[in-house]
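So the chains spell out like this:
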Amino acid sequence: MRAEDCAPLVRAIALAEQVRGTTTPNPAVGCVLVREGEIVGEGATRPVGGAHAEVVALRAAGSRARGACAYVTLEPCAHHGRTPPCTDALIAAGVVRVVHACADPNPPAAGGAVTLRAAGVEVVGPDAISPLLADTVTAQLEGFLSVVSRGRPHVTLKLAQTADGQLTAPDGERWITGPAARRAVHRWRATVDAVLVGSGTVRSDDPQLDVRHVPAVVQPRPVVVDTRLRTPCDARVVRPGLLLVTAAGASKHGAWRERRDALEAAGAQLVEVACGPDGRLDLAAGLAALADHGICAVFAEPGRRLAEALLGADLVDRVVLHVAVGLGGLGMAPAVDLPTGPGWRLERVGGAGPDVVWQVRRGLDGAR
Ligand SMILES: NC(=O)c1ccc[n+]([C@@H]2O[C@H](COP(=O)([O-])OP(=O)(O)OC[C@H]3O[C@@H](n4cnc5c(N)ncnc54)[C@H](OP(=O)(O)O)[C@@H]3O)[C@@H](O)[C@H]2O)c1
């Protein structure tokens, strides 16, 4: 990687960030074309069925793409999917060098670098670029990479807690954290495909689970993990797009069928999965089923029971703790047992208004 490669690659990452959450199940990719030190075209992935980032940038550059270097966050695809291969478009446009920050592990699309090199294009891959940039792109593409490599969405678990580890406000107030932390939650929601809670949270809080307070091009789908279909039909999440992960083979008596019919009439879709030996829904199977519904990145905002179950099943890839340090005394006790295994590392410690934000995550290697 040359010193002059850094700025355009960072620009490509920024372009990808602008479309994160809008391209699923395709990855959100950014591309910048530079010729003789000047940006001649740039773009990001269009919503599914639309052009990939490379093609958007090539169209913007027109004939100025000849002799250019393409900076792409993800290795250009080499296959005919919903759109033709980006490698063909880059080669036909006369691009002479491609710098990409992440290899495409998706078997049908992989091999872009090999195809480009075979056509005489110089390729600089993830091994040769700054680890910081490569890591940034891996985190940006975590949903896509998770589904391709593990068959389940990437899961971020967010909990709002008091200093002494309570998940409900001591004075019976609805909110534990302040407006800045709650706005941060809406920013998270805007970057994912689904916001997930357990049926307990729906029954007690009646949350909307949508993006408000910040702009959203695409709303995430609400998902409720609800073994026995106890979600009230008039709950705010019951709207078109809702996915209800529920038990296959549950006793389907008349009242259950009535609830199912009413929920489906309101737009909910049932996702039936098996229960494990403990009689609880098999959460790994539930997440795999969500991937089949095109969901790559999940933001989970459950209560204690589902949070502990997800952590216990090793199905969480990032934990975001919002701690109201002004509530619950002077100590600092995490609300749940936090993962400490290999691969976990601190991602961020910061603030949101008066609240503390504490984030840990792990890489995809070795995670279930
Ligand atoms: N501070 C925070 O961050 C936060 C966030 C959300 C909620 N809360 C609070 O938490 C309380 C609700 O807590 P909660 O624990 O009932 O909410 P929850 O964790 O969102 O929902 C729990 C329910 O999920 C369902 N579930 C389905 N499969 C499961 C599995 N494999 N393992 C565990 N649960 C499974 C169970 O109900 P079924 O048997 O019906 O399936 C279970 O009762 C409320 O007071 C709410 O205000 C706090």
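Cut-offs applied
- Residues numbered from 1 in each chain as written.
- Predicted model: local features only at pLDDT ≥ 70, side-chain atom pairs only at ≥ 80, totals over all residues.
- Heavy atoms only, no water.
- Near = heavy atom within 4 Å.
- Polar contact = N/O pair within 3.5 Å; in protein donor to acceptor, adjacent residues only side chain to side chain.
- Areas by Shrake-Rupley, 256 points an atom, 1.4 Å probe, with all protein chains shown as cover.
- Helix = DSSP H or I, 4+ residues; strand = E, 2+ residues; numbered from the N terminus.
- Nonpolar A, V, L, I, M, F, W, Y, C, P; charged D, E, K, R; others polar.
- Contact = heavy atoms within 4.5 Å.
- Salt bridge = Lys/Arg side-chain N within 4 Å of Asp/Glu carboxyl O.
- Axes fitted to C-alpha atoms, helices over the stretch in contact; angles between N-to-C directions.
- Parallel < 35°, antiparallel > 145°, perpendicular 65-115°, else oblique.
- Left-handed = near helix turned anticlockwise from the far one by under 90°.

**Concerning the site of the ligand**
In step 1: Near the ligand lie 27 residues; those nearest to it are Ala 160, Leu 167, Thr 201, Thr 227 and Arg 305.
In step 2: In this structure, an oxygen atom belonging to the ligand sits 2.9 Å away from a side-chain N or O atom of Arg 228.
In step 3: At 2.8 Å from an oxygen atom of the ligand is found a side-chain nitrogen or oxygen belonging to Arg 305.
In step 4: Calculation on the ligand without its partners gives an accessible area of 910 Å², and the protein chains cover 88% of this total.
In step 5: Of all elements in the fold, only β6 (154-162), α8 (199-205) and α11 (304-312) reach the threshold of two or more residues within the shell around the ligand.
In step 6: Counting residues per element, the shell around the ligand draws most heavily on α8, which supplies 6 residues.
In step 7: Along the lines of polarity and charge, the residues of the shell around the ligand split into 10 nonpolar, 8 polar and 9 charged.

**Focus on the side chain of Thr 177**
In step 1: Along the chain, the position of Thr 177 falls in the loop between β6 and α7 (179-189).
In step 2: With residues near it in sequence (within four places) discarded, Thr 177 still touches Ala 160, Arg 182, His 322, Ala 324 and Asp 355.

**A short note on the pattern of salt bridges**
Where charged atoms of side chains with opposite charge meet at close range, the side chains can pair.
In step 1: What the rule picks out here adds up to 19 salt bridges.
In step 2: A salt bridge links Asp 5 to Arg 97; the shortest N-O distance between them is 2.9 Å. With Asp 5 in the segment before α1 (6-19) and Arg 97 in strand β4 (residues 97-102), this pair connects stretches of sequence that are 92 residues apart.
In step 3: A salt bridge links Arg 11 to Glu 42, with the nearest nitrogen and oxygen atoms 2.6 Å apart. Within this pair, whereas Arg 11 is found in helix α1, its partner Glu 42 is found in strand β2 (residues 38-44), the two being separated by 31 residues in sequence.
In step 4: Members of the salt-bridge network, linked through shared partners, are Asp 135, Glu 142, Arg 318, Arg 345, Glu 347 and Arg 361.

**Topic: the packing of helix α2 (residues 53-61) against helix α3 (residues 86-93)**
Packed helix pairs are specified by the crossing angle of their axes together with the interaxial distance, meaning the distance between the axes.
In step 1: At a minimum axis distance of 9 Å, the contact between α2 and α3 shows a crossing angle of 25°. By the angle between their axes, α2 is roughly parallel relative to α3. Seen along the crossing, α2 lies across α3 with a hand that is left-handed. Across the interface between the two elements, Glu 54, Val 55 and Leu 58 of α2 pack against Cys 86, Ala 89, Leu 90 and Ala 93 of α3.
In step 2: Of the residues that constitute the contact of α2 with α3, the class distribution is 6 nonpolar, no polar and 1 charged.

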